Amino acid sequence: MSLIRVALDVPVARLFDYRCDDRTAQIGARVLVPFGRQKLIGIIVARPDTSEVAETKLKRAISVLDAEPLLGRADLRLLEFAADYYVHPLGAVIMATLPAALRRVRSREETPAAYALTATGTALDVTTLSPRARAQRDLLALLQSRPVIDHSDISALGAATRKALLAFIAQGWVQTCARPQEAPMTLPAPSTGPTLTADQSAAAKAIAAALGSYQPILLWGITSSGKTEVYLHAIAVALSRGSQVLLLVPEIALTPQLESLVIARFPGIPVATLHSSLADGERNTRWQAARNGRVRIVLGTRLSVFTPLPDLGLIIVDEEHDTSFKQGEGFRYSARDLAVVRARHTGVPVVLGSATPALETWRNAVDHRYQLLNLPERINARPPVISCVDLRHEKTTDGLSARLITAIGKRIDRGEQSMVFINRRGYAPVLMCGSCGWMSDCKRCSAKLVVHLRDRRLRCHHCGHDGAVPSACPECGDADLSPVGQGTQRIEAALAKQFPKARILRVDRDTTRRKDAWQAMRSRIRERTVDILVGTQILAKGHDFPHLNLVGVVNADGMLYSNDFRAAERLYALLTQVAGRAGRGDQQGEVLIQTEFAEHPLYAALRDQDFDAYARSLLAERQQAGFPPYVHQVLLRAEARTVGVALQFLEQAALSARHLKPAVTVYDPVPANMMRKSGRERAHLLVQSSSRADLRTFLNAWRPYLAETASTAARWSLEVDPAEF
Ligand code: ADP
Ligand code: ZN
Ligand code: ZN
């Protein structure tokens, strides 16, 4: 009897054995199995000789769904690592990373690698087909244009084409055949890229020299130092050696220019972009094309770190400090960290690029575990001059200081662009009653409802609550209600009042919701039909606006004092990005930060633009206080109808933890920073240790207790290396 061991997407951290008479069943293939009263799709992860379950009790697998393994050994190894490291069931991990189309139950479907015309098919004249049989005619033309057509090319053309293909096969016009060998790759023409600077060239050479073996590299380059060109040159070398390249970016929607740049730079090289807003079928097609080696460059967001790439030769993580590489729900993982693990498993270099690397990464570079490459100079520009507007001495009108207003006015006169950055959308962060002090709290979250004046709505940015702005105070009935504080809409209105003739463009989640909206706005900015930009961090990402020379920062102080120990690191990175938008060519960029804490070390460091010094001081603080990266953390999160229930579960969990006499520190349960969210109340319990091994040992011992202690009243999850509390 043959046995298979299957990973299933069920919330228990174990694998399941089945009998399987299909001798062709391979590790890495999908299989349909009975599970309770359901039928589930799982992945075969082993073919054991024996099972712990008695033979008579083993159920029989229904059918093997893939003739060839869907996941190779290397892919499974990464997934197994992730499941183990992040303490998440392997089946759930695998299923979270597969395209949805592959997670659905369908009958066994042979997916031959490629198709070619038979002799009869080749002799066919397209005019013998009915002119109305459009799909058939197109398909025949396609098949006649090339000796072999890949399966993914055909499935990309849609259902009518697939039907036509089946008809052709039935007619004996088309036969399936092996996938064609990739044509030998020639070095992409050096194309239209600029000549590299000496620093860029040295960095690109160092990366090229590392190809072929594991080497983590930090490419630390200030904003506008030309990191992208370095990636492109390293990619060109990797491609010329026959490798596939994985390029991870925080958000594709915000950086569409990178996609077009990559495509334009490597004409003829198949590129696939992978992100969460792809339709299921399209995602599957691209994933398959990456997996079968046809696509040579994958440009993707965090989930694409798992994309099977048989010829992977280089991994690049752009803006590696960005928090969107962290998955914060369900299977919580860091794509940046897994990229490094994958590079190690595969024996290839991984390049982490940033102007403000994460402190975890920086420490690895300082300690020489990562190779450090530096681009210290801007391309064709001096660094911007950054200064603070001290709000203790300068008054503001509608949130704008006189100095900022004057500076914007000057830029308008010179025909230059300015940007006002405020990290809060809406009109005002809260509505308040002047007579009784009532504030617009969200009933379902520990948060205020934000005033959206234009639509006259009060909205919660956490749970989505959306209600009308009341005409009178719900508490005392007084009509004296006023918005307090600033949001993008209010700053936009204030600027319009100051500069009635200026063309103002607001860029935040509300104005960029429509597909392609942001792309259209970017063209407007580049075409100089905008004088002042107002917006949130969407504006901070690596955009290149050649006529933007002034950046004003409003309300950053709010982010200065937070009980998250990473707040300073994040704010520094964000403001560096924002400041990096100012100044191009011979124009001196200017950055004005409005603050009531002008002496704060963070602002001082920002003015000096000395990331190295600031990062070292933050690291020294972390070391002293016993924070990551000097300790490793795991968070046990719980949520329930009331925080009391969540805390009760955590108390039990803490008790069982201490009972294990662990070599790790177990803290007391506390309510989460944002205790209430969407009607649920949240708390957590932190466990940490300076030894990963100790933490690991402890987690393995603790996990069974958690499963036991768990009640239906409280939902819990473990998060390894938590990024938010
Ligand atoms: P970063 O990602 O480091 O902030 P970019 O890669 O966006 O910087 O480069 C900034 C700008 O400089 C881009 O417009 C890019 O096209 C241009 N650039 C990069 N390298 C060169 C070069 N060697 N010569 C001229 N322009 C360059
Ligand atoms: Zn009131
Ligand atoms: Zn809410």
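See the structure printed just above.
Just so it is clear, the model here is predicted, and its values are computed rather than measured.

**So, the overall build of the chain**
No. 1: Looking only at helices and strands, one finds 20 helices and 33 strands in the chain.
No. 2: Computed over the C-alpha atoms, the radius of gyration of the chain is 29 Å, within 12% of the 27 Å expected from 2.2 N^0.38 for a compact globule of 725 residues.
No. 3: Its C-alpha atoms give the chain principal-axis dimensions of about 85 × 65 × 55 Å.
No. 4: Taken over 725 residues, the chain has a buried fraction of 52%.
No. 5: Counting every atom, the chain has about 32800 Å² of accessible surface; 51% of that belongs to carbon and sulfur.
No. 6: Side chains of the chain give 91 positive and 73 negative charges; the mean places of these two sets differ by 4 Å.

**Points about the coordination of the zinc ion (ligand 2)**
No. 1: Taken together, the protein donors to the zinc ion (ligand 2) comprise C433 (SG), C436 (SG), C473 (SG) and C476 (SG), at separations of 2.2 to 2.4 Å.
No. 2: Metal-centred angles of 106 to 114° between the 4 donor atoms at the zinc ion (ligand 2) mark the site as tetrahedral.
No. 3: Here the donor residues of the zinc ion (ligand 2) share one chain and are spaced in sequence as C-x2-C-x36-C-x2-C. Of this pair, C436 sits in the loop between strand 20 (430-433) and strand 21 (450-452) while C473 sits in the loop between strand 23 (466-468) and strand 24 (481-484), and the two are 37 residues apart along the sequence.
No. 4: Judged by relative accessible area, which is 41%, C436 ranks as partly exposed.

**As for the coordination of the zinc ion (ligand 3)**
Six octahedral donors around a metal ideally sit at 90 or 180 degrees from one another, while four tetrahedral donors ideally sit at 109.5 degrees.
No. 1: Coordination of the zinc ion (ligand 3) by the protein involves C442 (SG), C445 (SG), C460 (SG) and C463 (SG), with metal-donor separations of 2.2 to 2.3 Å.
No. 2: One way to put it: the 4 donor atoms around the zinc ion (ligand 3) meet at angles of 104 to 115°, and that makes the site tetrahedral.
No. 3: In primary-sequence terms, the residues that donate to the zinc ion (ligand 3) follow C-x2-C-x14-C-x2-C. Highlighted residues: C442 in the loop between strand 20 and strand 21 and C460 in the loop between strand 22 (457-459) and strand 23, separated in sequence by 18 residues.

**Some points on the nonpolar core**
No. 1: The biggest cluster of nonpolar side chains holds 137 residues, and the ones touching the most others in it are I94 and W702.
No. 2: In terms of residue count, helix 19 (residues 643-659) provides more of this core than any other element does, 7 residues in total.
No. 3: Counting residues in each nonpolar core, the second largest holds 32 residues, with L196, A203, Y231 and V351 among its members.

**Here we look at the pairing of strand 29 (residues 632-640)**
No. 1: Counting buried positions over the 9 residues of strand 29 gives 9, a clear majority of the element.
No. 2: Direction of pairing for strand 29 relative to strand 32 (residues 680-689): antiparallel, over a ladder of 9 bridges. By the bridge assignment, E639 is partnered in strand 32 with R682.
No. 3: Bridge count for strand 29 against strand 33 (residues 715-720) is 6 bridges, and the pairing is antiparallel. Bridging across to strand 33, R637 finds its partner in S717.

**Quick word on the site of ligand 1**
No. 1: Around ligand 1, a shell composed of 15 residues is seen, among which T195, Q200, S224, K227 and D544 lie nearest.
No. 2: At a separation of 2.8 Å, a nitrogen atom of ligand 1 approaches a polar side-chain atom of Q200.
No. 3: Here an oxygen atom of ligand 1 and a backbone polar atom of G226 are 3.0 Å apart.
No. 4: Considered on its own, ligand 1 offers 570 Å² of accessible surface; in the complex 73% of this is hidden by protein.
No. 5: The element best represented in the shell around ligand 1 is helix 8 (residues 227-240), accounting for 3 residues.
No. 6: Of the residues belonging to the shell around ligand 1, the class tally is 4 nonpolar, 8 polar and 3 charged.

**Details of the pattern of salt bridges**
No. 1: This structure, assessed with the given rule, holds 39 salt bridges.
No. 2: Between D398 and K497 there is a salt bridge whose closest N-O contact spans 3.0 Å. Taken together, the positions of D398 in the loop between strand 17 (396-397) and strand 18 (400-401) and K497 in helix 14 (residues 488-498) put the pair 99 residues apart, joining distant regions of the chain.
No. 3: The closest approach of N and O atoms between D612 and R616, which form a salt bridge, is 2.7 Å.

**Describing helix 17 (residues 601-608)**
No. 1: Within helix 17, the full set of buried residues consists of L602, Y603, A605 and L606. Summarising the axial view, the buried residues of helix 17 lie within an arc of 160°, below the 170-degree limit, and thus occupy one face. More than 90 degrees from the buried face of helix 17, the exposed residues found are P601 and D608.
No. 2: In the core, the buried residues of helix 17 are packed alongside strand 16 (385-390), helix 16 (567-579), strand 28 (590-595) and helix 18 (611-625).
No. 3: Within two residues after helix 17, Q609 carries a phi angle of roughly 50°, on the positive side.

Reading the values: the criteria
Residues numbered from 1 in each chain as written. Chains lettered and ligands numbered in written order. Predicted model: local features only at pLDDT ≥ 70, side-chain atom pairs only at ≥ 80, totals over all residues. Heavy atoms only, no water. Helix = DSSP H or I, 4+ residues; strand = E, 2+ residues; numbered from the N terminus. Rg over C-alpha atoms; globule rule 2.2 N^0.38 Å. Buried < 20%, exposed > 50% of the residue type's maximum accessible area, 1.4 Å probe, protein only. Areas by Shrake-Rupley, 256 points an atom, 1.4 Å probe, with all protein chains shown as cover. Lys, Arg positive; Asp, Glu negative; His and termini not counted. Charge placed at Lys NZ, Arg CZ, Asp CG, Glu CD. Donors = N, O, S within 2.8 Å, 3.2 Å for Na, K, Ca; no water. Tetrahedral: all angles 85-135°; square planar, octahedral: opposite > 155°, others 65-115°. Core = buried A, V, L, I, M, F, W, Y, C linked by side-chain atoms within 4.5 Å. Pairing = 2+ DSSP bridges. Near = heavy atom within 4 Å. Polar contact = N/O pair within 3.5 Å; in protein donor to acceptor, adjacent residues only side chain to side chain. Nonpolar A, V, L, I, M, F, W, Y, C, P; charged D, E, K, R; others polar. Salt bridge = Lys/Arg side-chain N within 4 Å of Asp/Glu carboxyl O. Arc of directions from axis to C-beta. Contact = heavy atoms within 4.5 Å.

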